[in-house]
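# Residue-level structure breakdown
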Amino acid sequence: MNSLEQAEGSQHDLKAFERRLTEYVSCLQPATGRWRMILIVVSVCTTTGAWNWLIDPDTQKVSFFSSLWNHPFFTISCITLIALFFAGIHKRVVAPSIIAARCRTVLAEYNMSCDDTGKLILKPRPHIQ
């Protein structure tokens, strides 16, 4: 096998790797978008409930648990937000960027990189003097 055939084989391998990486990252995008929307909605609900809880004059007069019992919207949204974080929503909303960052780490050894969509970036070879 001569060097031209090896170069063509390497080029096909790189294109196949890039295709698979972009496919994988693009498949993660819809789920990531849904998780981001869920996180935004629950965060807004928690913030709104917290505001209502804090401006209520009865909050200072009753015990902590009684005030939570009097504000079920805040209590439920806060518990939901905590449960989402325990379930790993903070990793799911940034999953494509985690994959891209790990690929960049590995590809750096081969003088390559990739963008957030999975497209390969070939860097110029360093000149040895």
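Residues numbered from 1 in each chain as written. Predicted model: local features only at pLDDT ≥ 70, side-chain atom pairs only at ≥ 80, totals over all residues. Heavy atoms only, no water.

By the naming in an unreviewed UniProt entry, the protein chain is Nuclear envelope phosphatase-regulatory subunit 1, taken from Salvelinus namaycush. Looking at the protein chain in UniProt, the text filed under Sequence similarities (unreviewed entry) is "Belongs to the CNEP1R1 family." (UniProt positions renumbered as here; feature names shortened; annotations may be inferred.)

## Focus: the nonpolar core
L21, V25, C103, L107, M112, C114 and L120 together form the largest nonpolar core, which totals 7 residues. Mapped by element, the contributors of at least two residues to this core are α1 (3-55), α5 (95-107) and β1 (112-114). Contacts of V25, omitting those with residues within four sequence positions, involve P96, I99, D116 and T117. Judged by nonpolar contacts, the second largest core, of 6 residues, contains L39, V42, L84 and I89. (Core = buried A, V, L, I, M, F, W, Y, C linked by side-chain atoms within 4.5 Å. Buried < 20%, exposed > 50% of the residue type's maximum accessible area, 1.4 Å probe, protein only. Helix = DSSP H or I, 4+ residues; strand = E, 2+ residues; numbered from the N terminus. Contact = heavy atoms within 4.5 Å.)

## Here's the deal with the packing of aromatic side chains
As enumerated under the stated definition, the model contains 3 aromatic pairs in all. When the centroid spacing of 4.9 Å and the interplanar angle of 15 degrees are considered together, the rings of W53 and F74 count as stacked. Residue W53 is found in helix α1, and its partner F74 is found in helix α3 (residues 72-86); the two are separated by 21 residues along the sequence. Like F74, W53 is buried. What links up through ring pairs into an aromatic cluster is the set W53, F64, F65 and F74. (Phe/Tyr/Trp six-rings, centres within 6.5 Å; stacked < 30°, edge-to-face > 60°.)

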